[in-house]
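Chain by chain, the residues run as shown.
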Amino acid sequence: MDIELPTPYVTANPDRHEAVLVAHSGSRDPDMAAQDLASRLLHPCLGGVLFFCSAEYDLEALGQAMEQHFGGVTLCGCTTAGEITDAGYGRGGITAIGFDQRDFALDHALLDDLDQVSLLAAQQLTDGLLERCRQAGIAPIKGHTFALTLLDGLSASEERVLATLNAALGSIPHFGGSAGDDNRLSGTHVYGNGRFRTGAAVVIMINTTLDFEVFTTHHLRPLDDKLVVTAADREHRRVIELNAEPAAEEYARLVGCRVDELDEETFARHPLAVRLHDHAYVRSIQRVNEDLSLSFYCAVENGIVLTAMRAAPILDDLRAALDEIRERLGPPRLVIGCDCFLRRLEIEADGISDAASALLRDYRVVGFNTYGEQCNGMHLNQTFTGVVIGQLRRSNGSR
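Because the structure is a prediction, the values reported are computed rather than measured.

(A) Just the packing of aromatic side chains, in detail. The full count for this structure, using the stated rule, is twelve aromatic pairs. Note on F52 and F368: the rings are 4.8 Å apart at their centroids and 15 degrees apart in plane angle, and the pair reads as stacked. Of the two residues, F52 sits in strand β3 (residues 46–54) while F368 sits in strand β24 (residues 365–370), which places them 316 residues apart along the sequence. As far as the burial class goes, F52 and F368 line up, both buried.

Set out below in structure tokens:
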């Protein structure tokens, strides 16, 4: 495996110190979109930019335009299944966050072969990122650092990569999301070291003087119905049988519909989960296959028991989770959110997109809709996972 190491929402104002700046462009022209972002984010103390973009762009042209207009500033990002902008849910554009180097030390590294990630390589990668953050002298590493990962959402390698990275990161909190492609399920990309790539991951280390909290939440509650995986192809995330019956037929029986009626909305409204230590980890279904097997977004192993879940009010759950963190940290400067695209499908089907966008604006959420979420080594589905960055500065101690 080769590891490559990189050489309030307002517009940028060099006379005003803003720890984070947010910008969005709806232009479909790559050069114009990059210019839009640069005009709002560029300033003398810009230390790095994180962006999330539609897969509908000419990605090669967009990458070149971003490098040109940001003139050597560190750029990281991925394609999406929808964007979360400073105005709420968006689609078909690009949204970006600029980090002020007086408040953040940001560095990244690329994993370009997800099938060959070893613990030694992951440890070398994280050690290098932490050392460069330490050299920036922003804040002590312990308690002031978190990691963000962006993975190819169709790689089927998330579980292995995340477990390895989590072991290397130790006590450093970590979250992230799997890149999307506007629900086409044909090609997802991450961006690092100057270009978009498939079959890869970007690991971003962020050290900051500001308070923060990594979190994950979902609105799903367990039911009594159980399904046992009696035949599975773990490598390809495919369940062949549930309760010794063709998987699609047994799942359709559970939710009360015909096999030919199974679609993304059904999967979003009737998820399955693995229960571990009183916690439910959702395993979302991706599609029905011709042989009546079911493909999942997360690994599902032979012999595990899947619990049927019901949905509680989705916006109430997210608001409650963010309110709890706001009580601890105060009003957020920014929330970087990784929101499963199946949640967005449910929100759209329920006709509450405007209310969802208003909530996201109220809590200053910026991010993207994912094909899977990540939190402290776990690969998750149908969650809202992210980091709240607070208003208060922490005092610098010894490094």
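(B) Summary view of helix α1 (residues 30–41). Its twelve residues give α1 an end-to-end C-alpha distance of 17 Å, which sits within 8% of 16 Å, the value for a rise of 1.5 Å per residue. Inspection of α1 places P30, A33, A34, L37, A38 and L41 among the buried residues, and these make up the whole buried set. Taken end-on, α1 shows its buried residues confined to a sector of 130 degrees, consistent with a single buried face. On its buried face, α1 sits against β2 (20–25), β3, α2 (59–70) and β7 (94–100). With a side-chain oxygen lying 3.2 Å from the backbone nitrogen of D31, the N-terminal cap of α1 falls on D29.

(C) Focus on the layout of surface pockets. Of the voids in this model, the largest pocket is the one considered here, and its volume is about 310 Å³. Around the largest pocket, the lining comprises 15 residues; the ones closest to its centre are T216, H218, H279, A280 and Y281. Elements with a contribution of two residues or more to the lining of the largest pocket: β14 (210–217), β19 (279–283) and β26 (378–380). Considering each element in turn, the lining of the largest pocket owes the most residues, four residues, to β19.

(D) Just the UniProt feature "domain: FIST" (unreviewed entry) in the protein chain, in detail. Sequence positions flagged by UniProt for "domain: FIST" (unreviewed entry) are, in local numbering, residues 44–246. Note that residues 44–246 is 21% helix and 45% strand, and that its end C-alpha atoms are spaced 60 Å apart.

Rules and cut-offs
Residues numbered from 1 in each chain as written. Predicted model: local features only at pLDDT ≥ 70, side-chain atom pairs only at ≥ 80, totals over all residues. Heavy atoms only, no water. Phe/Tyr/Trp six-rings, centres within 6.5 Å; stacked < 30°, edge-to-face > 60°. Helix = DSSP H or I, 4+ residues; strand = E, 2+ residues; numbered from the N terminus. Buried < 20%, exposed > 50% of the residue type's maximum accessible area, 1.4 Å probe, protein only. Expected span 1.5 Å × (residues − 1). Arc of directions from axis to C-beta. Contact = heavy atoms within 4.5 Å. Polar contact = N/O pair within 3.5 Å; in protein donor to acceptor, adjacent residues only side chain to side chain. 1 Å grid on protein atoms, 1.4 Å probe; cavity = no way out; pocket = protein on both sides within 12 Å on 5 of 7 lines; lining within 4 Å. Points joined across faces, edges and corners; volume = space filled by probe spheres on them. UniProt positions renumbered as here; feature names shortened; annotations may be inferred.

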